[in-house]
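# Tertiary structure, described
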Amino acid sequence: AAIGARLPVTDARGNMVVDIGGGTSEIAVISLGGIVSARSLRVAGDEMNEDIIRYCRDEFNLLIGEKSAEDIKIAIGSAYPLKEQLKCSVRGRDLVSGLPKETIVNDEQIREAISRSIRIIVNNIKTVIEETPPELLSDIMQRGIILAGGGGLIRGLDKLVANQTEMPVRMMEDPLTAVVRGVGIVLEDLESLKDVLVEDQREKSFK
Ligand SMILES: Nc1ncnc2c1ncn2[C@@H]1O[C@H](COP(=O)(O)OP(=O)(O)OP(=O)(O)O)[C@@H](O)[C@H]1O
Ligand SMILES: [Mg+2]
């Protein structure tokens, strides 16, 4: 994703990219073409869909499909309180009667539903920042953390991350296709880049 965003990844300054995809979130600080500090998590967009499915089951006795959960997430999902309330309808099966049921959910409920996943991502961003040498941090403070991937489009995630890290946050333009442009090279394939990591960082990053 960093290459997709045309960041100068081979220069000596630090860049931080947070790529939230479907299956994985990859958080990395890159300098001189190598990974200085990174985390790869299995908490990303798909897990947020699962969160929404669980929430509807627990709160409304409503069984919904994964596609419905994703539609709700994209329509009204947020990581930070919104200025105006958003609502949408959810359709599924009533777990008590077994019959179809429709209910209305709002942004606050969905924010609550996905809050655990969001918290895990934000905490790992903080950890990666903590592991970053101060001179690279000052570059990142200037350039901003770059949010990429479809999951990075959740409303207000940029604001929440900026708030929690005290760093500026930029959305990569066109995050969905930018990731495609940068495929495989830096972030999509953290595992194969183990070699660029020094021993003790490797231990921490790939447990
Ligand atoms: N507007 C949006 N708001 C919130 N989430 C979105 C939005 N658009 C797409 N997504 C989510 O982004 C995720 C897909 O992102 P992306 O295309 O970057 O993943 P990927 O690169 O295919 O997955 P991975 O990197 O895990 O292999 C899906 O979970 C999708 O629901
Ligand atoms: Mg991806």
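Predicted model only: the values in this text are computed from it and were never measured. Every residue gets a number counted from 1 within its own chain, in the order that chain's sequence is written. Chains and ligands are labelled sequentially in the order written, the chains with letters from A and the ligands with numbers from 1. A pLDDT threshold of at least 70 governs which residues receive local features in this predicted model, and a stricter bar of 80 or more applies before side-chain atom pairs are shown or counted, although totals over entire chains, interfaces and linings include all residues. Working from all heavy atoms in the structure, the side-chain values ignore hydrogens and water.

Turning to the nonpolar core, a few remarks are in order. Among the buried residues, those of types Ala, Val, Leu, Ile, Met, Phe, Trp, Tyr and Cys that are joined through side-chain atoms within 4.5 Å form a nonpolar core. Note on classification: 1.4 Å probe, protein chains only; a residue is buried when its accessible area is under 20% of the maximum for its type, exposed when over 50%, partly exposed between these limits. Formed by 43 residues in total, the largest nonpolar core has its most connected members in M16, I52, I64, I72, I125, I145 and L157. Secondary structure elements are defined from DSSP: runs of H or I of at least 4 residues count as helices, runs of E of at least 2 residues count as strands, and each element is numbered from the N terminus. Ranked by residues supplied to this core, first place goes to helix α3 (residues 107-130) with nine residues. Each residue touching I64, except ones within four places of it in the same chain, is listed here: I52, I53, C56, A69, I72, V90, R91 and G92. In this analysis, two residues are considered to be in contact whenever any of their non-hydrogen atoms come within 4.5 Å of each other.

Consider each residue's heavy atoms; a residue with any of them within 4 Å of a molecule or strand counts as near. Taken together, 16 residues lie near ligand 1, and G23, T24, E70, K73 and G150 sit nearest. Residue G150 places a main-chain N or O atom 2.9 Å away from an oxygen atom belonging to ligand 1. Note on areas: Shrake-Rupley, 1.4 Å probe, and residue coverage restricted to the protein chains presented here. The fraction of the free accessible surface of ligand 1 (650 Å²) that becomes covered by protein chains is 73%. Counting residues per element, the ones that place at least two in the shell around ligand 1 are α1 (45-60) and α2 (66-76). The residue makeup of the shell around ligand 1, split by class, is four nonpolar, eight polar and four charged. We call two N or O atoms a polar contact when they sit within 3.5 Å, provided that within protein one can donate a hydrogen and the other can accept it, with sequence-adjacent residues counted only if both atoms are side-chain atoms. Throughout, the ten residues Ala, Val, Leu, Ile, Met, Phe, Trp, Tyr, Cys and Pro are labelled nonpolar, Asp, Glu, Lys and Arg are labelled charged, and all others, Gly among them, are labelled polar.

Moving on, we come to the packing of aromatic side chains. Aromatic ring pairs are defined here through the distance separating the ring centres and the angle between the ring planes. Any two of the Phe, Tyr and Trp rings considered here, Trp counted by its six-membered ring, make a pair once their centres fall within 6.5 Å; the pair's planes then place it as stacked at under 30 degrees, edge-to-face at over 60, or tilted in between. Under the criterion given, the structure shown has one aromatic pair. Arranged with centres 5.9 Å apart and planes meeting at 80°, the rings of Y55 and F60 form a pair that is edge-to-face. On the accessibility criterion, F60 (18% relative accessible area) is buried.

Salt-bridge detection follows one rule: a side-chain nitrogen of Lys or Arg within 4 Å of a carboxyl oxygen of Asp or Glu. Counting across every chain of the model gives eight salt bridges. The partner of K101 in a salt bridge is D94, with the nearest N and O atoms 3.6 Å apart. A relative accessible area of 27% means that K101 is categorised as partly exposed. According to the relative accessible area criterion, D94 is buried, its value standing at 14%. For the salt bridge of D107 with R111, the shortest nitrogen-to-oxygen distance reads 2.9 Å.

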